[in-house]
Amino acid sequence: MAEYDIVIRNGQVADGTGKRLFAADVALKGDRIAAVEPPGTLKGASEIDATGKVVAPGFIDVHTHDDTALIDNPAMAMKASQGVTTVVCGNCGVSAAPYLNTEVGHWMSLIIKKKENASKDFAGFAAKVEAAKPAINGAFLIGHGTLRMNAMGDDLNRVATASEIKVMHDLLDQSLEQGAIGMSSGLFYAVSNAASTDEVAEVAAPLGKWGGVYTAHMRDEGDDILKAMDETFEIGRRAGAEIIVSHHKCSGRSNFGRMVETLPKFTDAMKQQQIAFDVYPYIAGSTILRSDMLERADKVLITWSDKVAGMSGRDLKDIAREMGCSMKEAADRLQPAGAIYFMMDEKDVQAAMAHPGAMIGSDGIPFDAHPHPRLWGTFPRVLGHYSRDLKLFSLEDAVRRMTSYSAQRFHLTRRGEIKPGFYADICVFDPATVIDTATFEKPISPARGIDTVLCNGQVAWRDGKPGGGRGGRVLKRQDIQAEAKAG
Ligand code: ZN
Ligand code: CU
């Protein structure tokens, strides 16, 4: 009888730490990596031939809005097809739990298609995700914006009162106890924009007690970005939490080139406190349609509109011309809607991605009719376009920024490395052909060169389609901390 369940044979291992590729067979038993040994020495009940391929840890998408996509689309093709085996959800201040209201408004619709997927507490939400048996793992942040809606209803254009802060604080405390891994804020968004620094720091206080992380879609990514960075660092310090700045960018033409200010500022701050950031490999962002963002963008594409049919994928300028009105007026007529904004400089994007504090996160929005191509393309694009073709960094370093570094910053114990005892989250890909195929014109398209993807030892993706394995788990704070303690 074979000693192992699966042996991945004859591949080049990129173990996730950034170490040079080496030839090895990787043996799996149950949900774990059991052995990494010279080629030809291990025997498995089944084998995967990885000749000419790279065997890497499954990628960790640290910035997602896949909270309820894990329930509605448990095969998670848009992520498994990229080699992603874990998604960190609840970013940008919006999470599906704890949500005490019954209606899902415009902003919550970013992450929720069916309102029954929202949950009053995190434990209930985690149970829904587990019941759906997703193909890949989920770890969850609690959104400060969602907490605000619970405590303040629709009356959001002001600082929260002391008693409202207490409600939010206690909901966060309870959620962390039940297994959320941290809190996110989105002070850029209308729901949270009126919140003061003090409010967020006071709400976030339980993070220190539970060892939760703080992720921030900052108040400003344009003219006032340096001030917004200071605010973010202060909130993390006061909450006693490690910080991950979300989708770092310098937004708007007048801010192009300002990575020469923000990146040294990160480097300095990283000497004082634990700070990192995520980046997606595109010069366009995407969120709900906001008329105050139109001026800042060189081009705006509509991703969905509930009001006017047939608008998805179209340029707002063309829509405005047809309607015979201004872009702002056209935007108003489409609402509620979502959009893609071309607002970054390619050189800035590359500088951010190559910084020591950078890891990869897609920021994909799962339910859009015509989504930003990052939803299907982020990880293969970094491997194929930025690492192989542009040589921005080595393949080993690209993999590190998608795996071990991400796992360390989010404290995802025993994930992100090819190492005995670690979970069998694995991506086998062809380094010569791996590339994104999703474009702004045709955004729903699986990448090329992703061969086999395993999550907790089960096949999540193979031969260009979902592999049928549904081994994904909810990575709960108490579980990953207990495992870290056990060593
Ligand atoms: Zn965001
Ligand atoms: Cu986001």
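All figures in this text were calculated on a predicted structure; none of them were measured in a lab. (Residues numbered from 1 in each chain as written. Chains lettered and ligands numbered in written order. Predicted model: local features only at pLDDT ≥ 70, side-chain atom pairs only at ≥ 80, totals over all residues. Heavy atoms only, no water.)

1. Some thoughts on the coordination of the zinc ion (ligand 1)
Here is step 1 of the chain: Protein coordination of the zinc ion (ligand 1) is provided by Cys92 (SG), His217 (ND1) and His247 (NE2), with donor distances spanning 2.0 to 2.2 Å.
Here is step 2 of the chain: Spacing between the donor residues of the zinc ion (ligand 1) along the chain follows C-x124-H-x29-H.
Here is step 3 of the chain: The metal-metal distance between the zinc ion (ligand 1) and the copper ion (ligand 2) is 3.1 Å, with Cys92 serving as a donor to both. Taken as a pair, Cys92 in the loop between strand 7 (84-89) and helix 3 (122-132) and His247 in the loop between strand 11 (243-245) and helix 10 (259-272) lie far apart in primary sequence, 155 residues in all. (Donors = N, O, S within 2.8 Å, 3.2 Å for Na, K, Ca; no water. Helix = DSSP H or I, 4+ residues; strand = E, 2+ residues; numbered from the N terminus.)

2. Some details on the domain arrangement of the protein chain
Here is step 1 of the chain: Assigned domains within the protein chain: domain 1 (4-56 + 431-438 + 445-486), domain 2 (58-289 + 340-417) and domain 3 (290-339).
Here is step 2 of the chain: Look at where the C-alpha atoms of domain 1 and domain 3 centre, and you get two points 42 Å apart. (Domains from an automatic or database assignment.)

3. Considering the coordination of the copper ion (ligand 2)
Here is step 1 of the chain: Coordination of the copper ion (ligand 2) by the protein involves His63 (NE2), His65 (NE2), Cys92 (SG) and Asp363 (OD), with metal-donor separations of 2.1 to 2.3 Å.
Here is step 2 of the chain: Around the copper ion (ligand 2), the 4 donor atoms are arranged such that angles at the metal cover 84 to 164 degrees; this shape is classified as irregular.
Here is step 3 of the chain: Taken in chain order, the donor set of the copper ion (ligand 2) reads H-x1-H-x26-C-x270-D.
Here is step 4 of the chain: You can call Asp363 buried: its relative accessible area is 5%. (Tetrahedral: all angles 85-135°; square planar, octahedral: opposite > 155°, others 65-115°. Buried < 20%, exposed > 50% of the residue type's maximum accessible area, 1.4 Å probe, protein only.)

4. Description of the nonpolar core
Here is step 1 of the chain: Counting 132 residues, the largest nonpolar core has Leu289 and Phe429 as the members making the most contacts within it.
Here is step 2 of the chain: Not counting the four nearest positions on each side in its chain, Phe429 is found in contact with Lys53, Val54, Ala56, Phe59, Leu383, Leu395, Val399, Val434, Gly449, Ile450 and Asp451.
Here is step 3 of the chain: Of all hydrophobic cores here, the second largest spans 18 residues; its members include Ile33, Ala424, Val428 and Leu454. (Core = buried A, V, L, I, M, F, W, Y, C linked by side-chain atoms within 4.5 Å. Contact = heavy atoms within 4.5 Å.)

5. Regarding the sheet that holds strand 15 (residues 337-342)
Here is step 1 of the chain: Strand order in the open sheet formed by 3 strands is 13-15-14, with antiparallel pairing between adjacent strands. In this open sheet, the two edge strands, each paired with only one partner strand, are strand 13 (284-288) and strand 14 (299-305). Averaged over all neighbouring strand pairs, the angle between strand axes comes to 20 degrees, with direction disregarded.
Here is step 2 of the chain: Alignment of strand 14 against strand 15, held across 6 bridges, turns out to be antiparallel. (Pairing = 2+ DSSP bridges. Axes fitted to C-alpha atoms, helices over the stretch in contact; angles between N-to-C directions.)

6. Quick look at the pairing of strand 17 (residues 426-429)
Regular strands show a simple pattern: their side chains alternate between the two faces of the sheet.
Here is step 1 of the chain: Residues of strand 17 alternate between two faces, with Ile426 and Val428 on one and Cys427 and Phe429 on the opposite face, all of them buried.
Here is step 2 of the chain: The sheet contact formed by strand 5 (residues 54-57) and strand 17 spans 4 bridges and is antiparallel. Note on strand 17: the bridge partner recorded for Ala56 is Cys427.

7. Thoughts on the sheet that holds strand 6 (residues 59-61)
Either a parallel or an antiparallel arrangement is found when strands of a sheet pair, and the pairing is made through backbone hydrogen bonds.
Here is step 1 of the chain: Ordered by their spatial adjacency, 8 strands build an open sheet running 6-7-8-9-10-11-12-16, and the pairing between neighbours is parallel. Taken across any chain shown, the strands that pair with only one partner, and hence form the sheet edges, are strand 6 and strand 16 (358-360). Looking at each pair of strands side by side, their axes are set apart by 30 degrees on average, direction ignored.
Here is step 2 of the chain: Sheet topology note: the strand 8 (residues 137-143)/strand 9 (residues 182-186) ladder contains 3 bridges and is parallel. Bridging from a neighbouring strand, Ile142 pairs with Met183 of strand 9.
Here is step 3 of the chain: In the packing of helix 13 (residues 346-354) onto the sheet, contacts are made with strand 12 (275-279) and strand 16, and the angle to strand 12 comes to roughly 135 degrees.

8. Considering the environment of Ala351
Here is step 1 of the chain: For Ala351, the location among the structural elements is in helix 13.
Here is step 2 of the chain: On the basis of relative accessibility, which here comes to 31%, the residue Ala351 falls in the partly exposed class.
Here is step 3 of the chain: Considering only alpha carbons, one finds Ala351 and Leu392, 41 residues apart in sequence, at a separation of 9.0 Å.
Here is step 4 of the chain: The contacts of Ala351, once residues within four sequence positions are left out, are Met259 and Leu263.

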